[in-house]
Amino acid sequence: MPHDITLRTLSHADARACSEQLADVLIDCVEGGASVSFMLPLSRTTALDYWHDIAGGVERGERTLIVAQDRAGILGTVQLITAMPDNQQHRADVAKLLVRRRARGAGIGGRLMEAVEEAARTQGRSVLVLDTADSTAERLYARSGWQRVGSVPDFACLPDGPLCATTFFYKHCAPASALGR
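Everything numeric here is computed off the predicted structure, so don't read it as measured data.

Caption draft 1: Structural detail: the overall build of the protein chain. In terms of helices and strands, the protein chain carries five helices and seven strands. With the C-alpha coordinates aligned to their principal axes, the bounding extent of the protein chain is approximately 45 × 40 × 35 Å. Out of the 181 residues belonging to the protein chain, those deemed buried represent 45%. When contacts within the protein chain are restricted to residue pairs at least 6 apart in sequence, long-range pairs at least 24 apart make up 61% of them. Counting every atom, the protein chain has about 9,000 Å² of accessible surface; 50% of that belongs to carbon and sulfur. Computed over 20 positive and 21 negative side-chain charges, the inter-centroid distance for the protein chain is 5 Å.

Caption draft 2: Structural view of the packing of aromatic side chains. Throughout the structure, instances matching the rule amount to five aromatic pairs. Pairing F38 with Y50 gives two aromatic rings, centres 5.2 Å apart and planes at 80°, and the pair type is edge-to-face. Placement of F38 in the loop between α2 (19-31) and α3 (44-59) and of Y50 in helix α3 is noted, with a sequence separation of 12 residues between them. The pair F38 / Y50 is uniform in exposure class, with both members buried.

Caption draft 3: The arrangement of the pairing of strand β6 (residues 147-157) in detail. Examined bridge by bridge, β6 and strand β7 (residues 163-172) share seven bridges and lie antiparallel to one another. When the bridges of β7 are listed, A156 appears paired with C164.

Caption draft 4: Structural detail: the pattern of salt bridges. Under the counting rule described, the total for this entry stands at 10 salt bridges. Measuring nitrogen to oxygen at the nearest pair gives 3.5 Å for the salt bridge that ties R71 to D4. Placement of R71 in the loop between β2 (63-70) and β3 (73-81) and of D4 in the segment before β1 (6-10) is noted, with a sequence separation of 67 residues between them. In this structure R71 comes out as exposed when scored by relative accessible area, which is 75%. A residue is classified by how much of its surface remains accessible, and D4, at 29% relative accessible area, is partly exposed. A salt bridge links E118 to R121, with the shortest nitrogen-to-oxygen separation between them at 3.2 Å.

Caption draft 5: Looking closely at unusual backbone geometry. Of note, the bond from L40 into P41 is cis; its omega dihedral lies within 30 degrees of zero at -10°. Tracing the sequence through the fold places P41 in the loop between α2 and α3. Phi angles above zero are rare outside glycine, and S37 is one such case at about 85°. If you check the backbone angles, D154 has positive phi at about 50° while not being a glycine. For D154, the position within the fold is in strand β6.

Caption draft 6: Representation of the environment of A92. Checked against the element boundaries, A92 lands in strand β4 (residues 91-99). A92 sits in the buried class, given a relative accessible area of 0%. Along the chain, A92 and Y50 lie 42 residues apart, while their C-alpha atoms are 20 Å from each other. When near neighbours in sequence (up to four residues on either side) are disregarded, A92 contacts L80, I81, T82, M84, R125, V127, L128 and V129.

How each quantity is defined
Residues numbered from 1 in each chain as written. Predicted model: local features only at pLDDT ≥ 70, side-chain atom pairs only at ≥ 80, totals over all residues. Heavy atoms only, no water. Helix = DSSP H or I, 4+ residues; strand = E, 2+ residues; numbered from the N terminus. Buried < 20%, exposed > 50% of the residue type's maximum accessible area, 1.4 Å probe, protein only. Contact = heavy atoms within 4.5 Å. Areas by Shrake-Rupley, 256 points an atom, 1.4 Å probe, with all protein chains shown as cover. Lys, Arg positive; Asp, Glu negative; His and termini not counted. Charge placed at Lys NZ, Arg CZ, Asp CG, Glu CD. Phe/Tyr/Trp six-rings, centres within 6.5 Å; stacked < 30°, edge-to-face > 60°. Pairing = 2+ DSSP bridges. Salt bridge = Lys/Arg side-chain N within 4 Å of Asp/Glu carboxyl O.

Structural measurements only, silent on function.
So, in structure tokens, the structure goes:
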């Protein structure tokens, strides 16, 4: 793993300022076949609108947006969604773990997952949930201690159209308050 990779949590203003780079990451991943809610062709306008919406969620305190970057810019990102119903304030969803194709295999996804889990602990969340349609991501989550719940066939479409299954995972994590932080 290159040592010049840094992770940071973006504020609302940072997320807006980085929207072009975040759109580049999203477009790259969708063009690479990632089933992350978007279909091909993914227009730049649609990608930018998505990130502007996410920046609004950051501003409202509904989500945490973490990025991995090097000197050239953003290589990957992940989100912690904390806007939950009243009876689920102890949990959060992990969403949109995205790593540029050129940066895969360098441990960035694992580092982003560690960072999002730490953010969850700091925010007092003890149960995390995510889903994926990617077998490489499934292996990453399993290695990171996530528990596979099961798969739902024909859950969504791949960016080029065919239906695909998604696999759900969860992880218990002790909130920072339980760790004496």
